[in-house]
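For reference, the chains in residue letters:
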Amino acid sequence: MVDKKLTGAGLRGQVAGETALCTVGKSGSGLTYYGYDIKELADKVSFEEVAYLLSRGELPNATQLAEFKARLKQQRGLPQALKDVLERIPADAHPMDVMRTGCSFLGNIEPEQDFSEADAKIERMLAAFPSILLYWYRFSHDGKRIETATDDDSIGAHFLHLLHDKAPSKLHTDVMNTSLILYAEHEFNASTFTARVCASTLSDIFSCVTGAIGSLRGPLHGGANEAAMELIENMQNADDAEQQLMGMLERKEKIMGFGHAIYREFDPRNDIIKEWSEKLSQEFGDSRLYDVSVRCEEVMWREKKLFPNADFFHASAYHYMGIPTKLFTPIFVMSRVSGWTAHVKEQRANNRIIRPSADYTGPAPRPVPALADR
Ligand SMILES: CCC(=O)SCCNC(=O)CCNC(=O)[C@H](O)C(C)(C)COP(=O)(O)OP(=O)(O)OC[C@H]1O[C@@H](n2cnc3c(N)ncnc32)[C@H](O)[C@@H]1OP(=O)(O)O
Ligand SMILES: O=C([O-])CC(=O)C(=O)O
């Protein structure tokens, strides 16, 4: 990978701290979690193993994994007070706002009172986030008060089960597992940095995650998977995709799901989710969305040397699994909470309050004029 040119804007290229969790864009291997290559993780382990790895620094053994999964399963239920709050959020609210409120409210009724409780609170968030999202979604959209305590083996299957009222197929369970692994961690990205800044004030873990959810929501970050779906769903076929993209590029519009702040030539997660998207398109029996996505990838590279980031092929993959577009970014939350909270722990372990300086661009010192003179 080619190193990105350093410029001041956006703190790009500036080292803002240390981490043992993850490398992004290093040559040889594009993305590693605690030294493990993302491709190998996506091939060989479950998201629960990755969440454990991020939180503890090592992959679990069989007993540790079984115990970890059992604890996650036990914590899928939601307290009545939280259900009451979720029932008051309107159907037209954005689900990312639901996640932000759900997380924040959980921090009111089950607060982190001491940093020694961090691991327990992390597990609670991992277990409860799909339940929070889908309790609200099913109540506000279908008028149903669902039971969120399912017996599914994984977080991905639990999510799909609550959404569709039936246990998912192996294919869909596998795709969700991979997707959650791909989204889990990414060094000092905007939402993680938000979490670390909050942690550096010695705030509680729910505040750190609530802030991170707000940062992830924007279309330049996690919100790009929804924006990518809105783009491709209006493309009739590959030729139409090319024509529309050429027009957008001519008008200097931004193409969501392309480009990256760190990667320069490709995002190592793209090939993985792209392959799953193709498999899903075959099962779905209509490859339009996959075909237009492939053409977008070709045109963007040819015209701008821009490549799809992890978000782009997630759009078609999620759509093929019957997931409504507005739930795409909240799935990112269900996954990235593992990375955010690992960074919170890391920040706390070697903390100094994060407080950079600014170059001043305002007026020179001047006297305050009287009200009548202004
Ligand atoms: C997977 C989770 C993630 O958060 S990945 C990012 C998801 N966001 C998106 O997909 C939104 C679209 N992409 C973008 O806005 C940018 O590529 C992001 C990701 C914000 C990175 O910004 P930044 O580091 O400033 O980009 P850059 O310095 O590499 O830009 C170089 C020139 O290329 C342009 N560019 C970049 N991306 C796009 C795009 N998607 N569509 C059209 N043009 C793009 C930039 O505007 C920049 O142009 P110029 O050199 O200023 O003329
Ligand atoms: O690293 C970044 O800037 C954006 C991000 O979170 C990711 O690509 O997963």
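About the thresholds
Residues numbered from 1 in each chain as written. Chains lettered and ligands numbered in written order. Predicted model: local features only at pLDDT ≥ 70, side-chain atom pairs only at ≥ 80, totals over all residues. Heavy atoms only, no water. UniProt positions renumbered as here; feature names shortened; annotations may be inferred. Near = heavy atom within 4 Å. Polar contact = N/O pair within 3.5 Å; in protein donor to acceptor, adjacent residues only side chain to side chain. Areas by Shrake-Rupley, 256 points an atom, 1.4 Å probe, with all protein chains shown as cover. Nonpolar A, V, L, I, M, F, W, Y, C, P; charged D, E, K, R; others polar. Helix = DSSP H or I, 4+ residues; strand = E, 2+ residues; numbered from the N terminus. Expected span 1.5 Å × (residues − 1). Contact = heavy atoms within 4.5 Å. Axes fitted to C-alpha atoms, helices over the stretch in contact; angles between N-to-C directions. Parallel < 35°, antiparallel > 145°, perpendicular 65-115°, else oblique. Left-handed = near helix turned anticlockwise from the far one by under 90°. Buried < 20%, exposed > 50% of the residue type's maximum accessible area, 1.4 Å probe, protein only. Pairing = 2+ DSSP bridges. Disulfide = S-S within 2.5 Å. Core = buried A, V, L, I, M, F, W, Y, C linked by side-chain atoms within 4.5 Å. Domains from an automatic or database assignment.

An unreviewed UniProt entry annotates the chain as Citrate synthase originating from Pseudidiomarina maritima. As its UniProt record puts it under Sequence similarities (unreviewed entry), the chain is described as follows: "Belongs to the citrate synthase family."

1. Concerning the site of ligand 2
Close to ligand 2 lie His186, Asn189, His221, His260, Arg269 and Arg336, which account for all nearby residues. Within the side chain of histidine 186, a nitrogen or oxygen atom sits 2.7 Å from an oxygen atom of ligand 2. Here an oxygen atom of ligand 2 and a side-chain polar atom of histidine 260 are 2.7 Å apart. When the free accessible area of ligand 2 is taken as 260 Å², the share hidden by the protein chains comes to 84%. Considered class by class, the residues forming the shell around ligand 2 number no nonpolar, 4 polar and 2 charged.

2. Side note on the site of ligand 1
By nearness alone, 21 residues border ligand 1, and His221, Lys254, Ile255, Gly257 and Phe258 come closest of all. A distance of 2.7 Å is found between an oxygen atom of ligand 1 and a side-chain nitrogen or oxygen belonging to lysine 254. Isoleucine 255 has a polar backbone atom sitting 2.7 Å from a nitrogen atom of ligand 1. In the complex, 68% of the free accessible area of ligand 1, which totals 940 Å², lies under the protein chains. The residue makeup of the shell around ligand 1, split by class, is 10 nonpolar, 5 polar and 6 charged.

3. Thoughts on helix H5 (residues 95-109)
Given 3.6 residues per helical turn, the α-helix brings residues three or four places apart onto the same face. Under the 1.5 Å per step criterion, the end-to-end length of H5 is 21 Å for 15 residues, consistent within 8% with the ideal 21 Å. On the buried face of H5, the contacting elements are helix H4 (80-87), helix H6 (118-142), helix H10 (205-216) and helix H16 (328-349).

4. Examining the packing of helix H2 (residues 47-56) against H16
Direction vectors running N to C along H2 and H16 enclose 15°, while the axes themselves pass 8 Å from each other. With respect to H16, the axis of H2 lies roughly parallel. Crossing geometry of H2 relative to H16 is assigned as right-handed. Residues Phe47, Ala51, Leu54 and Ser55 of H2 lie in contact with H16, whose contacting residues are Met334, Ser335, Ser338, Gly339, Ala342 and Lys345.

5. Description of the UniProt feature "active site" (unreviewed entry) in the chain
As recorded in UniProt, the sites labelled "active site" (unreviewed entry) are His260 and Asp311. Across 52 residues of sequence, these annotated residues stay compact in space, with a maximum C-alpha separation of 10.5 Å. By secondary structure assignment, the location of histidine 260 is in the loop between helix H12 (238-250) and helix H13 (270-284). Given the relative accessible area of 22%, histidine 260 is considered partly exposed. For histidine 260, the side chain forms a polar contact with the main-chain nitrogen of isoleucine 262, separated by 2.9 Å.

6. Some details on the sheet that holds strand S1 (residues 22-24)
Pairing between the strands of a sheet comes from backbone hydrogen bonds, and it takes one of two forms, parallel or antiparallel. Reading across the sheet, the 3 strands line up as S1-S2-S3 and stay open at both edges, with antiparallel pairing between neighbours. Looking at strand neighbours, the two that pair on one side only are S1 and strand S3 (36-37), the edges of this open sheet. By the bridge criterion, 3 bridges tie S1 to strand S2 (residues 31-33) in an arrangement that is antiparallel. Paired with threonine 23 across the bridge in S2 is threonine 32.

7. Description of the state of the cysteines
Summed over the entire model, instances satisfying the criterion amount to 0 disulfides. For the unlinked cysteine cysteine 208, the closest cysteine sulfur is that of cysteine 198, found at 3.9 Å. The class for cysteine 208 is buried, based on a relative accessible area of 0%.

8. Points about the packing of H2 against helix H3 (residues 62-74)
When two helices pack together, their arrangement is captured by the angle between the axes and the distance separating the axes. At a minimum axis distance of 10 Å, the contact between H2 and H3 shows a crossing angle of 100°. By the angle between their directions, the pair H2 and H3 is classed as roughly perpendicular. In this structure, H2 uses Glu48, Glu49, Ala51, Tyr52 and Arg56 to contact H3, whose residues at the interface are Gln64, Leu65, Phe68, Lys69, Arg71 and Leu72.

9. Remarks on the nonpolar core
Ranked by internal contacts, the top residues of the largest apolar core, which has 105 residues, are Tyr33, Phe129, Phe159 and Ile323. Lining this core are residues from two domains, each supplying at least three of them: domain 1 (18-218 + 330-349) and domain 2 (225-320). Residues in contact with phenylalanine 159, not counting those within four places in the same chain, are Pro130, Leu133, Leu134, Met176, Ile323, Ile331 and Met334.

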